Amino acid sequence: MLTESDFAYVSAAELARRVREQVLTSVELIDICIDRIEKRNPSLNAFVYKGFDDARKAAKDADEVVRSGAELGVLHGVPTAIKDLFDFKPGWPATFGGVRALKDFSLDSYCVFAERVEKAGAVIVGKTNSPVMGYRGACDNPLFGATRNPFDTSRNTGGSSGGSAAAVADGLVPFAEGTDGGGSIRIPAAWCGLYGYKASFGRVPSVVRPNAFGSTMPFLFEGPLTRTVEDAALVLNAISGHDPRDLFSLDDGPHDFTTDVGRDISGMRIAYTPDFGIFPVDRRIREVVDRAVQVFRDAGAIVEEVNIDIPYDQRQLSDLWCRQIMLVNVGAFENFKSNGLDLLADHREDFPEGYLRWADHVYGMSMAELNEDYVMRTAVCDAIQAVYTDFDLLVSPTLSAMPVLNADEPGATVGPSEVEGVEVDPYIGWCPTYLTNFTGHPAASIPAGLVDELPVGMQIQGRRYADGDVLAASGAYEKLRPWADTYDRCRQRNL
C-alpha cells in the first residue's frame, strides 16, 4: 500500500507502471495526492483551485478502464495539475493569472495540455498560481498572492508557472503544466530545482482562437515541469503531435521521446555561453554553471565556450519582449471586449503599473514600429542560429539572478532591478530564457547545483526540431549528476 510519504517523490513513469500493473488503484493514488495537497499547500499557495470532486470521479473511471483490459494511456491514473493562465478545463475557473475581475470567470473549453494528458489517462486535480496575464518572471498576483518556494518559503518560485513548479518540487504532484512565452516553464524550474522542458515550436500544438497566429508573437508553448528527464519525455509523448487546428503544428509522425533520454552523447558538440554576450549574471550562478557544463565532457561530448554576436543590449531586448508579448495580451483584451468586458477601461486597478505602461504603448504602435521589432527579433534569431553551424547544443545559465524574497503586498513581487551592478528590467530582464521565445528552439532548464541551499538552473537548447538531442544531453547529465536528494530540503521543511 502506497503511503503519502512514499507517493511524494515517486516519478510519473513509476506511478503509471504501478497503476497499469494494478499494484495500486488510481483512486488510492488520487486520495493520497489530495491529502498531501490539503496538508502542504497552505504553506505554499501553489494550488488556487482544487478540482478534487472531478479528480475523484476521473480516478474511478480510470480504474474501470484498467479492469476492462482496454489499452491504457502513458499517464493512466497519474495525478497532475494545470496552470491558471491561458489554460482551461471546461467549467473550471480561469482568472488569467489572478485578475480580480475574472475571479468567477470560466470557459467551456480545453487547452491542449489538459486535453491531451487526460486522453493519456492523467487525472487533473486542480489549477496552480500564476502572475497576472503571465507578465513577469515571478509568481504573484493581487487575487491569490505570491507562491512560496518549497526550498525557502520566504522566497518566490519564479514565474509564470510558479504554482506548478512549487507543487512538483514539494511532491504534491509528479508533474504539472507550464506555459512559456518568455521562459515561464524554465524560470520556475530553475528556482525550484526542477527539470522544465519547452519543445521546439510546433512540436506541441497551440490552439489559439480567435487569432490562430497568436502563438507566434512571440512563440508560445505548453510543456511539463517534472523532477526527472524521463517524466518530461513521457509527458512530451502525450502532448506532442499534429493538430489540424494549429497551422504550425508538426506532422512528422509519432516519436517515443523516452528513447532519447538514454542516448549516448559522445562526440556531440556543445557550445557554452555564460551570458549570451549581453546579460549581467550573478557571479555565484556563473560559478555553478561553469562547473556543471563540464559534466558533458565527462559524458564524452565536446564543450567549447562561444561568443554570440547579438547586436542589441539586454535592455533593448527585454523591452522588445515586453512589446511582443503584449501583442498576445491585446488579443485577449479585444476578445474580452467583444464579449462585453472591457478590462483595461473598467478594471485598470487589477493590472500592475508596469504592465499597463506596455499595454498602452502597444495600442499606440505604428506599423513601422511593429516591423522594426520583427527586424530586431530576426537579428536575434540569426545570431543564435549561427551557433548551430558548428554545434549541436547551446548551454547557458537559465537565469541571471537567484530567487527573490516575496513582497508583503499581494501582487507586488518582481525580480531584481539590478544584477552585478547593471540595471535590468525587474519583470523579465534577468531571464535570458526569452531569447528562445524569439527563435522557437527547444530548450530545457536542468538543476545545476545549489547556492546557499537554493537551486540554480542550467539551460540546454538545441537545433529547431532536435528535441531528442536536448533530452539526450539532459539524460546524460542527470545520470552523472543526479539531483533527487536536493528535494530532501522540501520534504523536511517546517509546515
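Residues numbered from 1 in each chain as written. Predicted model: local features only at pLDDT ≥ 70, side-chain atom pairs only at ≥ 80, totals over all residues. Heavy atoms only, no water.

- In the annotation of an unreviewed UniProt entry, the entry for the protein chain reads Glutamyl-tRNA amidotransferase, and the organism field reads Kocuria rosea subsp. polaris.
- Check the Sequence similarities (unreviewed entry) section of the UniProt entry for the protein chain; it says "Belongs to the amidase family." (UniProt positions renumbered as here; feature names shortened; annotations may be inferred.)

Here's the deal with the overall build of the protein chain
- Broken down by element type, the protein chain carries 18 helices and 15 strands.
- Each of the three principal axes of the protein chain carries a C-alpha extent, and together these read 60 × 60 × 45 Å.
- Taken across its 495 residues, the protein chain has 63% of its residues classed as buried.
- Intrachain contacts of the protein chain at a sequence separation of at least 6 include 77% that bridge at least 24 residues.
- Surface summary for the protein chain: the accessible area is close to 17,900 Å², and the carbon and sulfur share equals 49%.
- Taken together, the 47 basic and 71 acidic charged side chains of the protein chain have centroids lying 3 Å from each other. (Helix = DSSP H or I, 4+ residues; strand = E, 2+ residues; numbered from the N terminus. Buried < 20%, exposed > 50% of the residue type's maximum accessible area, 1.4 Å probe, protein only. Contact = heavy atoms within 4.5 Å. Areas by Shrake-Rupley, 256 points an atom, 1.4 Å probe, with all protein chains shown as cover. Lys, Arg positive; Asp, Glu negative; His and termini not counted. Charge placed at Lys NZ, Arg CZ, Asp CG, Glu CD.)

Concerning the UniProt feature "domain: Amidase" (unreviewed entry) in the protein chain
- The feature "domain: Amidase" (unreviewed entry), as annotated in UniProt, sits at residues 28-471 in this numbering.
- The annotated region residues 28-471 carries 34% helix and 16% strand content, and the separation between its end C-alpha atoms amounts to 32 Å.

With respect to the side chain of aspartate 231
- Inspection of the secondary structure assignment puts aspartate 231 in helix H8 (residues 229-239).
- Of the buried charged residues, aspartate 231 lacks a salt bridge, with arginine 227 as the closest side chain of opposite charge at 5.9 Å.
- In contact with aspartate 231, other than residues within four places in its own chain, are Ser11, Ala12, Ala13, Pro174 and Thr226. (Salt bridge = Lys/Arg side-chain N within 4 Å of Asp/Glu carboxyl O.)

Points about helix H6 (residues 162-169)
- For H6, the tally of buried residues reaches eight of eight residues, placing the bulk of the element in the interior.
- All of the buried residues along H6 are Gly162, Gly163, Ser164, Ala165, Ala166, Ala167, Val168 and Ala169.

Some details on the state of the cysteines
- Per the counting criterion, the structure on display carries zero disulfides.
- In this structure cysteine 139 is not part of a disulfide, and its nearest cysteine sulfur, from cysteine 192, lies 9.1 Å away.
- By relative accessible area, which is 0% here, cysteine 139 ends up buried.
- Left without a disulfide partner, cysteine 381 is nearest to the cysteine sulfur of cysteine 322, which lies 17 Å away. (Disulfide = S-S within 2.5 Å.)

Thoughts on the sheet that holds strand E10 (residues 302-305)
- Spatially, the eleven strands line up as an open sheet ordered E1-E3-E2-E6-E8-E7-E14-E15-E11-E9-E10, and their pairing is mixed. Looking at the sheet topology across the chains shown, the edges are occupied by strand E1 (47-50) and E10. Here the strands of the sheet are splayed against their neighbours by 30 degrees on average, with no regard to which way each runs.
- Relative to the sheet, helix H3 (residues 26-40) contacts E1, strand E2 (79-83) and strand E3 (123-128), its axis offset from that of E3 by approximately 20 degrees. (Pairing = 2+ DSSP bridges. Axes fitted to C-alpha atoms, helices over the stretch in contact; angles between N-to-C directions.)

Side note on the pattern of salt bridges
- Overall, the coordinates contain 36 salt bridges when judged by the stated rule.
- For aspartate 31, the salt bridge identified is with arginine 56, shortest N-O distance 3.2 Å. Residue aspartate 31 is located in helix H3, and its partner arginine 56 is located in helix H4 (residues 52-68); the two are separated by 25 residues in the primary sequence.
- Between lysine 337 and glutamate 334 there is a salt bridge; the shortest N-O distance is 3.3 Å. Here lysine 337 and its partner glutamate 334 are both found in helix H12 (residues 314-338), three residues apart, which amounts to about one turn of the helix.

Thoughts on the packing of H3 against H4
- One can describe the packing of H3 onto H4 by two numbers: an axis separation of 8 Å at closest approach and a directional angle of 160 degrees. Classified by the angle their axes make, H3 and H4 are roughly antiparallel. The chirality of how H3 crosses H4 is right-handed. Residues Ser26, Val27, Ile30, Asp31, Ile34, Ile37 and Glu38 of H3 lie in contact with H4, whose contacting residues are Phe52, Ala55, Arg56, Ala59, Lys60, Ala62 and Asp63. (Parallel < 35°, antiparallel > 145°, perpendicular 65-115°, else oblique. Left-handed = near helix turned anticlockwise from the far one by under 90°.)

A look at H8
- Burial analysis of H8 places nine of its eleven residues in the buried class, the great majority of the element.
- Every buried residue belonging to H8 is among Val229, Asp231, Ala232, Ala233, Leu234, Val235, Leu236, Ala238 and Ile239, and all of these are buried.
- Near the N-terminus of H8, the side chain that reaches the backbone nitrogen of aspartate 231, with its oxygen 3.0 Å away, is that of threonine 228. (Polar contact = N/O pair within 3.5 Å; in protein donor to acceptor, adjacent residues only side chain to side chain.)

Overview of the environment of alanine 233
- Topologically, alanine 233 is positioned in helix H8.
- Along the primary structure alanine 233 and glycine 77 are separated by 156 residues, whereas in three dimensions their C-alpha atoms are 18 Å apart.
- The residues touching alanine 233, leaving out its near neighbours within four places in the chain, are Phe257, Thr258, Val261 and Leu471.

A word on unusual backbone geometry
- Along the chain, arginine 209 connects to proline 210 via a cis peptide bond; the corresponding omega equals 10 degrees.
- Of note, the amide linkage connecting methionine 217 to proline 218 takes the cis form, showing an omega dihedral of -10 degrees.
- Tracing the backbone shows proline 218 in the loop between strand E7 (195-198) and strand E8 (221-226).
- For asparagine 45, which is not glycine, the phi dihedral falls at a positive 60 degrees.
- In this structure, asparagine 45 sits in the loop between H3 and E1.
- With relative accessibility at 15%, the residue asparagine 45 sits in the buried group.
- A positive phi angle is found at glutamate 453, which is not glycine, with a value near 65 degrees.
- Considering the arrangement of structural elements, one finds glutamate 453 in the loop between strand E14 (443-451) and strand E15 (454-462).
- A relative accessible area of 42% places glutamate 453 in the partly exposed class.

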